[in-house]
There are 2 protein chains.
Amino acid sequence: MLMTVEEAQERILSHPFPKMSTERLPLLQAWGRVLAEDIVSPEDVPGFTNSSMDGYAVLASDVQQATSDHPVALRIKGTIAAGHPSPDSVKHGEAYKIMTGAPLPAGADAVIQSEWTRRSEDNWVLALSPVKPGQNVRRQGQDIHRGDKVLEAGLVVKAPIVGILATIAREDVLVYRKPRVAIVATGDELIEPGEKLELGKIRNSNSYALAAAALAAGADPVILPPAPDTKEAISQRFSQASTADIILSSGGVSVGDFDWVKNVLSEEGSLDLWRVNMKPGKPVTFGTLHNRPFFGLPGNPVSALVTFELFVRPVIRVMLSVHRWQRTILTLPLYEPFLEIHDRRHYVRSRLVQEGEKLYVWPYKKQDSAIQTSWIGAEALMVVPENSGPYKAGDLLPVMLIPADV
Amino acid sequence: MLMTVEEAQERILSHPFPKMSTERLPLLQAWGRVLAEDIVSPEDVPGFTNSSMDGYAVLASDVQQATSDHPVALRIKGTIAAGHPSPDSVKHGEAYKIMTGAPLPAGADAVIQSEWTRRSEDNWVLALSPVKPGQNVRRQGQDIHRGDKVLEAGLVVKAPIVGILATIAREDVLVYRKPRVAIVATGDELIEPGEKLELGKIRNSNSYALAAAALAAGADPVILPPAPDTKEAISQRFSQASTADIILSSGGVSVGDFDWVKNVLSEEGSLDLWRVNMKPGKPVTFGTLHNRPFFGLPGNPVSALVTFELFVRPVIRVMLSVHRWQRTILTLPLYEPFLEIHDRRHYVRSRLVQEGEKLYVWPYKKQDSAIQTSWIGAEALMVVPENSGPYKAGDLLPVMLIPADV
């Protein structure tokens, strides 16, 4: 009996992961990080009632009858610019010229915009239209009241949040520390990208791809040197990895004779091996090692990234206390037929095609997990249920958006 | 006559922006950057024909008749592990035990997976099923041929691309330098987040929010101190900004008496002021200053971020030579009614609501551009055509996804 992806995610996430500790960062450095404090505003926003237009601060009752044929003349007492306190109050028959953002003078209850006025003699303005009380006025505290909880811990600090923090006088903010993810590739066949290739060897690409995926998930990757296929080497590398918050290995978990990862795990930690209803991706290995969450990912580069996306990224997001760790899922029409049928749920590497306002999902042709090039520019994983298909162009399928990573 | 957003974008992008210069970065530092070179593979991938399973390397013709009732016995010549060259060739009646990723020995043309075999005496294995030639075999060069152009300049370096670069022996890669975006907020009313508030003053939040939006767009923001409302101060600040690749100002472009930005621009550079069919957002100011693209953004924080999104971000992406600068646009059902009707196209700050596989757009209640808090957690701008509405729950509207920024 195969486990569903959702069951495996639930089992993994039911573990009591430690919450990350926090650090205080200047606003701009906090961009992209996760808020670790609720933010209460020490001030009203706006801090004072002000004009939302360039125009004239007036008493609305003075201009109730104003029209372009029968304008109402008001005596101009002066000009109020943004950044300067209003000098005096407005009484019946008076107006202050006022700039956008400038404080409304006492007495005034509305602003008539410049386009609806005509200047007559030096100190007189003609109102050509009525305004309602409060019109073109931003009231003190209308956006934020002093003492309001404005932002909640767990929010990702994007540009509008940076703006709000600055608005309410914050120069720095508490965010969660990025989880450190130690990455250990295993296998006698691995050489580094810069080394000379010999028969039987392949380049260690998983360490780099998984490190990039960890960056995209909001973690701090640490690449350890690959471990050859001996129990001692793997055990030693895992010990080195144990200062990190999460430990990943790639390779070394299949049924081959030289797969020592499981062996080391069951002796030095704990280990669950599951058969999950998914393709690509071999059995998912999850466990704990040196009291850290441990993931044994497949050695195949495509399978490694898909299992990272489905199982490791959620743990990183949960450890960061992000409100929602799930990806956005859309239902999109196929741009071309998709003919493959499999007995497991298939996560199909796909592009998105925009035609006007219509968005399509366009799977790459080669879905063999040995084909890394089918993931260049991929923006989504299309989710094809087991034993379903073939699908025609236009058929609707769920699509996981993977906007900036994996 | 109002210009459409698309016309304004086209006019801006028709300017001959300089292409960014390049820099060479180690793989992991290149994550999230834009490729500045086409990448040709110096090697075949896989580099040698190998097994995709743990099993036995055989001649397919030897096991053509094999069934579990009538197994075919093959003599085991040895074991081939990943990372080690295959010692010898396979002849009729022979097999090599072989691990995933290990090189296929000469003579063999298929691999029988372990599950379809039974070990008999020490050096014999029983094949319980036929295999086709090529089955469970990954052929040399099946993913990438030596000399293939694998990646094109203009791709954003995501995790799978990092993996491919490592696979084809790259330790570093040429990417475009991030455009430097100088940000100058203007206005006598501005004080910094850490300063004490006085009547009439507001905190400079735009510099920080725009800097964060620039980071999200792939640029390198430089915040200059805000300029008070004098021509000299603004002119001086713009001179300081001219070492950057793009210059942004916020505030100081409306019709108020104290708006010196336009003044300085028309004397020292060139300036176009357009009325664009959009809300929020005042007239868009685009020009050149000291031979750099210049944007005069509104002082209102919400308008500043929306105009950045629609006009500045595209320029950053084009200067970075990214293949596609447009955002993904979906057509989504409304989660709740949307009743506001405006005479301009309305970019409505919205959340996405996931219910199972169904995705909805959920606009924030307060869309007044003075309300910054309506953008906390926003993931999208819903695009409401001018003079349209009201809309019921379930009505379909176009939605611009803004996944990781603005």
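Residues numbered from 1 in each chain as written. Chains lettered and ligands numbered in written order. Predicted model: local features only at pLDDT ≥ 70, side-chain atom pairs only at ≥ 80, totals over all residues.

Threshold: UniProt positions are given in the numbering used here, feature names are shortened, and annotations may be inferred rather than shown by experiment.
In the annotation of an unreviewed UniProt entry, the entry for chain A reads Molybdopterin molybdenumtransferase, and the organism field reads Sulfobacillus benefaciens. If you open the UniProt record of chain A and go to Cofactor (unreviewed entry), you find "Mg(2+)". The record held by UniProt for chain A lists under Catalytic activity (unreviewed entry) the comment "adenylyl-molybdopterin + molybdate = Mo-molybdopterin + AMP + H(+)".

### A closer look at the interface of chain A and chain B
Spelled out, the test is: By the convention adopted here, residues make contact when the C-beta atoms placed from their backbones lie within 7 Å. Going along the chain from the N terminus, every DSSP run of H or I of four or more residues is numbered as a helix, and every run of E of two or more is numbered as a strand. Under the grouping applied here, Gly and all other residues not named as nonpolar or charged are polar, the nonpolar ones being Ala, Val, Leu, Ile, Met, Phe, Trp, Tyr, Cys and Pro and the charged ones Asp, Glu, Lys and Arg.
Facing the 91 residues of chain A at the interface are 91 residues of chain B. Counting only elements with at least two residues in the side of chain A that touches chain B, the list comes to strand S11 (149-151), helix H2 (159-167), strand S15 (202-203), helix H3 (206-217), helix H6 (301-319), strand S21 (329-333), strand S22 (346-355) and strand S23 (358-363) of chain A. Looking at the side of chain A that touches chain B, its residues break down into 49 nonpolar, 26 polar and 16 charged.

### Considering the sheet that holds strand S24 (residues 380-384) of chain B
All names here are of chain B. Note the threshold: Pairing between strands requires that DSSP locate at least two bridges from one strand to the other. Fitted lines through C-alpha atoms give the axes, limited to the stretch in contact for helices. The angle between two N-to-C directions lies from 0 to 180 degrees.
With respect to topology, 5 strands assemble into an open sheet ordered S21-S25-S24-S22-S23, the strand pairing being antiparallel. If you trace the sheet from one side to the other, it starts and ends with strand S21 (329-333) and strand S23 (358-363), each paired once. Strand-to-strand twist in this sheet, taken as the mean axis angle between neighbours without regard to direction, amounts to 45°. The pairing of S21 with strand S25 (residues 396-401) spans 5 bridges and is antiparallel.

### What to know about the pairing of strand S17 (residues 246-250) of chain B
Residue and element names in this part refer to chain B. Put simply, the test is: Any residue surrounded by 20 or more other C-beta atoms within 10 Å of its C-beta is treated as buried, while 12 or fewer makes it exposed and the intermediate range makes it partly exposed; C-beta atoms here are placed from the backbone.
The element S17 is largely enclosed, with a buried count of 5 among its 5 residues. Alternating positions in S17 separate into two faces, Ile246, Leu248 and Ser250 on one and Ile247 and Ser249 on the other, with burial throughout. For strand S13 (residues 180-185) and S17, the ladder comprises 5 bridges, and the chain directions are parallel. In the strand pairing of S17, Ile183 is matched with Leu248. One ladder, built from 4 bridges, connects S17 with strand S20 (residues 292-297); its direction is parallel. Opposite Leu248, over in S20, you have Phe295 as the bridge partner.

### Quick notes on the sheet that holds strand S8 (residues 117-119) of chain B
Residue and element names in this part refer to chain B. Strand order in the open sheet made by the 6 strands is S7-S4-S6-S5-S9-S8, with mixed pairing throughout. Sheet topology places strand S7 (110-113) and S8 at the edges, where each strand pairs with a single neighbour. Averaged over all pairs of adjacent strands, the angle between strand axes in this sheet comes to 40°, irrespective of strand direction. Bridge count between strand S5 (residues 72-80) and strand S6 (residues 94-98): 4 bridges; the pairing is parallel. Opposite Ile76, over in S6, you have Ala95 as the bridge partner.

### Describing the relation of the copies chain A and chain B
Put simply, the rule reads: Least squares is the method used to superpose the copies, on C-alpha atoms of residues holding a pLDDT of at least 70 in both.
Once chain A has been moved 0.0 Å along the axis and rotated by 180°, it coincides with chain B to within an RMSD of 0.1 Å. Both chain copies can therefore be described as sitting about a two-fold axis. If distances are taken from each C-alpha of chain A to the rotation axis, the shortest is found for A:Pro403, at 3.5 Å. Same-surface contact between copies: 99% of interface residues of chain A are shared with the interface of chain B.

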